[in-house]
Structure formats: C-alpha cells, structure tokens
Amino acid sequence: MRDHVGLGGNGQMLKNITNNGFTRLVLIFVFWMAIAKLMAEMFDYKYLVDGGFDIGLLMLLTIVEFAAPALLAAIIKQNESKKFVIIGAAIRIIAFLALIYWKGLPGAMIYFILTSLTNVLFWVPFNIAYFRKQHERSAFVSAVYYNVGPMLGIVLPVLGGALIEGVSFESLFLLMVAGYILWLISVIKFWPDERQDIDIRAELKKLKGMKTLLFAESGYASAAMLGIPLVTILYFQKPSELGLVASAMSIVAVAFSFMFAKISDKTKERMKYLVPFAIFLGLAMIASVLAYDAVTWFVILVIMTIGRVLFFPFTTTILMDNQQKPEEVMYGRELVLNVGRVFWMAVIYIIYATTNSLQIGIAVCGLGMIIYPFAARLKEKEGHIELS
C-alpha cells in the first residue's frame, strides 16, 4: 500500500517537475555533474601519466584545451541552444572513445580538444537558459543548482577510483560514455530550443570593468584545472587515494559553503568579505610551495578549498549586480575566461619548464586572486562597476 501511494505521488511530482522549464534545466545539470564527478577532475591525467605521458606534454595539451573554446566563443554568431548542447554531448562521447581506443598522442589530443569545446557548447547555453528563466526559480531548486556539484563530489569520485582499481580505467571511461548517451537522450527530450544572435564585440563592451576581473579570476581556475591535479597525482599514486582526496575536498566545500551562507544571511553584507577572502585564497595558493609530502599537500588542498568556497560567490554576485541581463554577455564572458586560462596556464608551464616546479606556478596564479579585490575596488572608483 505504501509503495503504491508513493509511486502515484512520485509520478505526479515528476510530471510537475518536467513541466517546469527551469527545473528541467537543473535536473539536466545535476545529471551532467553526476557524470563529471566520477572523474574526480584528475583521473584522465592519472591515466595518461600512467601510460607514459610527460607532465610537460600534458600541460601543453591542457593549454590547447582552453585555447580551442576561446576561439569557438569568438566566432559563434548565433546561439542555437539545443543544437549546441546535443553536439556537446556527442563530442564528449567521441572524446572518451578516443581516449580508450586511440592510444598515444593523437587520442589524447582529440580527447583534450573535444572535451574543452563543451565549455562553450554546454556551459554557455546552459547559463543563458538559466538566467533567462530566473522567474521560474524556487529557493529549493536554486539551492540544488549551487550545491549539487560538491554534494555529488562527496561520493562519486570514490566510486570512480574504486571502479578503476577493481576493473580498469577503461571501464570508468566506458561508464562515462554510457552516462553521456543517457544524458544526450534527456537533452533531446527536455532541452528548450532557443536561439539568439551573438555579437561578441557588443558583449565585450557590456563587460566594461569586468574583463580585468574575469582575467584575474581565471588564475585560480587555471591552477585548479592544471597545476593542482598534476601535483595531487604525484603525491597520491592510487586512483582510490585520488578519489578519497577529491571526496574529502567536497566535504570541506559543502561544510564551509553552508557556514558562510549562514554568516552572510545574518549580516546581509557579503561584499565586505571580498578583500580578506580573496587574499586568503591567494595566500593559500602561494602556500603550495611549502608542500613537501602527501600530508602537507593535503592540508594545503583543504585550505585552498576553503578559500575557493569563501571567495567565488563574489564573482557571481559582481556579475549579477552589474548586468541587468547576464544571459546577454555569456559568450563574451567565456571568451575572456578562456583567454585568461590560457595565459595563466602558459605561466604555469613556463615556470615548470624552467624550475621543474608546479607549485611555484600555482603560487604565481595566487597573485591573480590577491589582485582581484583591489582591481574591483579600482573599477568601482572609476565608475565601471558597482559593488553592493
């Protein structure tokens, strides 16, 4: 009896959910994040390093990885939302198949370039659709959107690591392929078919005062997507260890996210924390040079994770406060972010090539975080942006 009632209630609830355009988007987003978190954001690096790839070569491939979406964002003339997202899912499937069945540099190049294009083909259309549908948001669904990544990251990286050790890397990659096929089916069924003309020059003009901040902000992303994973796989050799590390960072992220949310809800003054939190994150990144073994690196990872959780809500807040229609600048934003990522990653690579140290490159990227709040205050004084 209880099961029968539950099924009926769940069926009506599912109908209500899938009839809400914004909720459909968030569910698709949750599905995407669940697939992505299985990779712990570094299992691909570990697979290639174990396969004999040089760290320097992986760094160059990652630089190319983010140059490709910068070029794509610059040349797109129309956002064909559903078409782009379907292509994004399809090329993810091809990318993982290339990684499995085309060994060596050609397969790795295909994997890096194709996966990077989803920065533009999925994330930009998703953000545009998300901001367009703000009026449909409920507090609960918004909470799911902002917290789902870290919450899924508590469990899924451990499962990914266990699958690799229990079976193989290829088994995880095939699971990723199956996940993206199912995700593609959900996109075809539920994704809104929206179109808009894109004028990248006009978008960049609307981002006046923001471009410097986006460039500085990309310093952390560059370290997080290149330097930090590579250092981590050097200190933690087993996939199960890497999965546990990624899960531990997610636990820290969730805990501090809720703690800061309570503080900001009470004070109603988030922006006064901008300077200390940015400096905290920057100094945590600079402290990476102090790591000398797995334990000290783990401690520094925890500190950097705390800094990231405390700081990065400000970047969204500043964008929202200074753009009446954020969905109209998303391609320009993606272009600037990826140009910044290429720059900071090139810095990490040059430092590594000359010093054989990844941590020094991470530390230099930390300077971007320290610069960020002072650049924001300067842009405010010049009248280019407003800080609430």
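Residues numbered from 1 in each chain as written. Predicted model: local features only at pLDDT ≥ 70, side-chain atom pairs only at ≥ 80, totals over all residues. Heavy atoms only, no water.

Visitor: Could you give an account of the overall build of the protein chain, naming the residues involved and the relevant values?
Guide: Tallying secondary structure elements over the protein chain gives 17 helices and two strands in all. The burial tally for the protein chain puts 54% of its 388 residues in the buried class. Long-range contacts, defined here as pairs at least 24 residues apart, represent 85% of the contacts in the protein chain between residues at least 6 apart. With an accessible surface of roughly 17,200 Å², the protein chain has 66% of that area assigned to carbon and sulfur atoms. (Helix = DSSP H or I, 4+ residues; strand = E, 2+ residues; numbered from the N terminus. Buried < 20%, exposed > 50% of the residue type's maximum accessible area, 1.4 Å probe, protein only. Contact = heavy atoms within 4.5 Å. Areas by Shrake-Rupley, 256 points an atom, 1.4 Å probe, with all protein chains shown as cover.)

Visitor: Quick one: what's the story with the packing of aromatic side chains, residue by residue and with numbers?
Guide: Taken as a whole and assessed by the stated rule, the structure comprises 26 aromatic pairs. Arranged with centres 5.3 Å apart and planes meeting at 80 degrees, the rings of F343 and W344 form a pair that is edge-to-face. Note on F343: relative accessible area 40%, which makes it partly exposed. (Phe/Tyr/Trp six-rings, centres within 6.5 Å; stacked < 30°, edge-to-face > 60°.)

Visitor: Can you explain a nonpolar patch on the surface? Please cite residues and give values.
Guide: Nonpolar side chains collect at one region of the surface, where F280, V295, F298, V299 and I303 lie side by side and expose about 390 Å² of accessible area between them. Among the elements that take part in the nonpolar patch, helix α14 (residues 294-311) stands out by supplying four residues, more than any other. Topologically, V295 is positioned in helix α14. For V295, a relative accessible area of 58% puts it in the exposed group. (Patch = residues over 30% accessible without salt bridge, like charges linked within 9 Å, V, L, I, M, F, W, Y side chains within 5 Å. Salt bridge = Lys/Arg side-chain N within 4 Å of Asp/Glu carboxyl O.)

Visitor: If you had to explain the nonpolar core to someone new, which residues and values would you point to?
Guide: Grouped together as the largest cluster of nonpolar side chains are 121 residues, with contacts concentrated most on W297 and F311. The biggest single contributor to this core is helix α6 (residues 105-132), with 14 residues. Sequence-distant contacts of W297, defined by excluding residues within four places in its chain, comprise I228, V231, T232, Y235, F236, S288, A291, M304, Q359 and I362. (Core = buried A, V, L, I, M, F, W, Y, C linked by side-chain atoms within 4.5 Å.)

Visitor: Describe the pattern of salt bridges, with residues and values.
Guide: The tally for this structure, following the rule as stated, stands at seven salt bridges. Two residues, E170 and K103, come together in a salt bridge whose shortest N-O distance is 3.2 Å. Highlighted residues: E170 in helix α9 (residues 169-190) and K103 in the loop between α5 (81-101) and α6, separated in sequence by 67 residues. The residue R341 makes a salt bridge to E334 at a minimum N-O spacing of 3.6 Å. Overlapping salt bridges bring together E80, K83 and R195 as one network.

Visitor: How would you sum up the packing of helix α11 (residues 211-235) against helix α16 (residues 330-355)? Please name residues and give values.
Guide: Following both chains from N to C, one finds α11 and α16 inclined at 55 degrees, their axes separated by 7 Å at the closest point. Taken together, α11 and α16 sit at an angle that is classed as oblique. Seen from above, α11 lies across α16 with right-handed handedness. Its residues assigned to classes, the contact of α11 with α16 comprises 14 nonpolar, five polar and four charged. (Axes fitted to C-alpha atoms, helices over the stretch in contact; angles between N-to-C directions. Parallel < 35°, antiparallel > 145°, perpendicular 65-115°, else oblique. Left-handed = near helix turned anticlockwise from the far one by under 90°. Nonpolar A, V, L, I, M, F, W, Y, C, P; charged D, E, K, R; others polar.)

Visitor: Describe helix α15 (residues 313-322), naming the residues involved and giving the relevant values.
Guide: Among all positions in α15, only F314, T315, I318 and L319 are buried. The arc that holds the buried residues of α15, viewed along the axis, is 135 degrees, so those residues lie on one side. (Arc of directions from axis to C-beta.)

Visitor: Go over the environment of Y352 with me, naming the residues and quoting the values.
Guide: Along the chain, Y352 turns up in helix α16. For Y352, a relative accessible area of 17% corresponds to the buried category. Distance in space between the C-alpha atoms of Y352 and M59 is 9.4 Å, their sequence separation being 293 residues. With residues near it in sequence (within four places) discarded, Y352 still touches I55, G56, M59, S357 and L358.

Visitor: Let's hear about the packing of α11 against helix α17 (residues 358-381): which residues, and what values?
Guide: Where α11 meets α17, the closest approach of the two axes is 8 Å, and the angle between their N-to-C directions is 160 degrees. In this view, α11 runs roughly antiparallel relative to α17, as classed from their interaxial angle. Relative to α17, α11 is oriented so that their crossing is left-handed. Of the residues in the contact of α11 with α17, the class split is 16 nonpolar, five polar and two charged.

Visitor: Give me the lowdown on the environment of L283, citing residues and values where you can.
Guide: Its location among the elements puts L283 in helix α13 (residues 274-286). Its relative accessible area of 47% is what places L283 among the partly exposed residues. As for L283 and I370, which are separated by 87 residues in sequence, their C-alpha atoms are 7.8 Å apart.

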